[in-house]
Amino acid sequence: MGLEHILLGLDHVLFLLLLLLGARGWRSVVRLATSFTVAHSVTLALAVLGWFDVPSEIVEPLIALSIVYVAVENITRGKSRHRVLVVFGFGLLHGLGFAGALDFTGHFSGRPLVSLLSFNLGIELGQLGVVLAAFPLILLARRRSWSALAHVGAAAVGAVGLVWFVERLLSPGGVA
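### Let's talk about the layout of surface pockets
Consideration 1: Computed from the structure, the second largest pocket encloses a volume of approximately 240 Å³.
Consideration 2: Taken together, 14 residues line the second largest pocket, and the ones lying closest to its centre are Leu21, Ile138, Leu149, Ala150 and Gly153.

### Focus: helix α2 (residues 10-22)
Consideration 1: An ideal rise of 1.5 Å per residue puts 18 Å on 13 residues; α2 measures up with 18 Å between its terminal C-alpha atoms.
Consideration 2: Within α2, 10 of the 13 residues are buried, which leaves the element mostly enclosed by the surrounding structure.
Consideration 3: Among the residues of α2, those classed as buried are Asp11, His12, Val13, Leu14, Phe15, Leu16, Leu18, Leu19, Leu20 and Gly22.

### Thoughts on the nonpolar core
Consideration 1: One finds Phe15, Leu18, Leu20, Val29, Ile67, Val70 and Phe135 to be the most contacted residues of the largest nonpolar core, which totals 27 residues.
Consideration 2: Of all the elements in the fold, those that place two or more residues in this core are α2, α3 (26-48), α4 (56-76), α5 (83-100), α7 (112-143) and α8 (147-170).

Thresholds, definitions, all that
Residues numbered from 1 in each chain as written. Predicted model: local features only at pLDDT ≥ 70, side-chain atom pairs only at ≥ 80, totals over all residues. Heavy atoms only, no water. 1 Å grid on protein atoms, 1.4 Å probe; cavity = no way out; pocket = protein on both sides within 12 Å on 5 of 7 lines; lining within 4 Å. Points joined across faces, edges and corners; volume = space filled by probe spheres on them. Helix = DSSP H or I, 4+ residues; strand = E, 2+ residues; numbered from the N terminus. Expected span 1.5 Å × (residues − 1). Buried < 20%, exposed > 50% of the residue type's maximum accessible area, 1.4 Å probe, protein only. Core = buried A, V, L, I, M, F, W, Y, C linked by side-chain atoms within 4.5 Å.

Below, the structure written as structure tokens:
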């Protein structure tokens, strides 16, 4: 289910792609992905265990704004000294989005810890697939001096994030 969720959750995939656009190399990718993974794993676990709950009406518009923020950062600065911390904060938010997108009582009845771990493993496998498919292409584009393409891509994804923000803000359930 986690793999399916990450691959069908376009907002999470676009967020991840923006992170890759801003990464300078594989080392940077590992730092950013680890920060994002640890953070969303923590809030996903806390939400599943019932220790933390934030309504989707708050979480979903903020996830859309996280996409806009990273897109703008990619266009204006490209690299922030605090990017790993920013990504960690957004990872906490995205973990709540993962938790809010599922019916944990129906899908995770019986053995919640095993179900949580397998769901999270699926998310990580999906993210790894996105990274392994997209980052080599991004590196190739950089070698060809297609940096303008990265700015156009970030702007397009940022615009989508802004539309999602407005839709989610105006939607009664937080998700359009």
